[in-house]
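Observations on the model geometry
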Amino acid sequence: MTAPPVFEAALAEAQAWHAALPEARAFCPWPDDMTWAGRKPHALPATRHITQTPGATTAQSSAFLTAIQALIPHADWRHGYTAAQVGQDFLDRFCWCELAGPQGHFHSNQIRLTLAYWGPNLFYPRHHHAAEELYTVVSGEALFHADGTPVATLGPGQTRLHLTQQPHAMTTQDSAVLTCVFWRGGDLAEMPSLSA
Ligand code: ZN
């Protein structure tokens, strides 16, 4: 079974994005084990915001944003958290999907590649996981917090590395943020744990 064109297009843009960012190339090679997994679409309230308020792009990131927006009706959007953990407003304006990975639209055991969106004025609480992680901002901007690392405001094309079990958090202000996140090592199917 082959992937629908909308997914092939998004994967091609993701690969171009990875190739264009030195930090992403250094973080992991582009996986060579991907197969189409045929996951079913799953909608969430937040997905319409990716179209309406994605945040600013650059010339480098606008094609990737367009490809992600085209995926909205077709992707398996997830939360992974409960309202008790993060609040209902957070869940209404947060979503992610796994483009590639152990539970991705394209199956891979080499990396996990997720596309994650937060609306404006949200706080993503401190959390941690075994896998090392590279955030890359596709559109908008956010403040990235991590234990032992200075806070930084990152916009399109900028990246942030999180080490194994390093607690990290994120704050959006006036702008939403859409990110492409790479994981390597650890348990690629793990759900992050909120930190104490
Ligand atoms: Zn993380």
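None of the values given here were measured: they were computed from a predicted structure. (Residues numbered from 1 in each chain as written. Predicted model: local features only at pLDDT ≥ 70, side-chain atom pairs only at ≥ 80, totals over all residues. Heavy atoms only, no water.)

Quick notes on the overall build of the protein chain
Short version of the rule: A run of H or I in DSSP becomes a helix once it reaches four residues, and a run of E becomes a strand once it reaches two; helices and strands are each numbered from the N terminus. For the radius of gyration, the atoms used are the C-alpha atoms, and the globule rule reads 2.2 Å times the number of residues raised to 0.38. The Shrake-Rupley method, run with a 1.4 Å probe, gives the accessible areas here. Residue values count only the displayed protein chains as cover.
For the protein chain, the count of helices and strands is six helices and twelve strands. A globule of 196 residues ought to have a C-alpha radius of gyration of about 16 Å, and the protein chain, at 15 Å, matches this closely. As presented, the protein chain carries roughly 8,200 Å² of accessible surface, and 56% of it is formed by carbon and sulfur atoms.

Thoughts on the nonpolar core
A general feature of soluble globular proteins is that nonpolar side chains tend to end up buried together. Just so we agree on the cut-off: The definition of a nonpolar core used throughout is a set of buried Ala, Val, Leu, Ile, Met, Phe, Trp, Tyr and Cys residues joined through side-chain atoms within 4.5 Å. Only protein chains enter the accessibility calculation, which uses a 1.4 Å probe. A residue is then buried if its area is under 20% of the maximum for its type, exposed if over 50%, and partly exposed in between. In what follows, a contact means two residues having at least one pair of non-hydrogen atoms within 4.5 Å.
Counting residues in each nonpolar core, the largest one holds 39 residues, and the members touching the most others are Leu99, Leu113, Leu115 and Phe182. Those elements that place two or more of their residues in this core are α1 (5–20), α2 (22–27), α4 (62–71), β2 (94–101), β4 (112–118), β6 (132–140) and β11 (177–184). With six residues, the top contributor of residues to this core is α1. Dropping the residues within four chain positions of it, Leu115 is found in contact with Phe64, Ile68, Leu71, Trp77, Cys95, Trp96, Cys97, Leu99, Thr179 and Cys180. Among the nonpolar cores identified, the runner-up in size contains 22 residues, and Trp96, Trp118, Tyr124 and Trp183 belong to it.

Structural notes on α4
To be explicit about the condition: Of all possible arcs, the one meant is that of the directions from the helix axis to the C-beta atoms.
What α4 keeps buried is the set Phe64, Leu65, Ala67, Ile68 and Leu71. Down the axis of α4, the sector holding all buried residues measures 165 degrees, keeping them to one side. If you follow the buried residues of α4, they end up packed against α1, β2, β4, β6 and β11.

Focus: the pattern of salt bridges
To keep it simple, the criterion reads: Salt bridges are defined by distance alone: a side-chain nitrogen of Lys or Arg within 4 Å of a carboxyl oxygen of Asp or Glu.
Within this structure, the stated rule accounts for seven salt bridges. Between Arg78 and Glu98 there is a salt bridge; the shortest N-O distance is 3.4 Å. Residue Arg78 is found in the loop between α4 and α5 (83–86), and its partner Glu98 is found in strand β2; the two are separated by 20 residues along the sequence. Neither residue differs from the other here; Arg78 and Glu98 are each classed as buried. A salt bridge links Glu98 to Arg112; the nearest nitrogen and oxygen atoms lie 3.0 Å apart. Highlighted residues: Glu98 in strand β2 and Arg112 in strand β4, separated in sequence by 14 residues. With relative accessibility at 1%, the residue Glu98 sits in the buried group. The exposure class of Arg112 is buried, given its relative accessible area of 4%. What emerges from the salt-bridge pattern is a single network uniting Arg39, Asp76, Arg78, Glu98 and Arg112.

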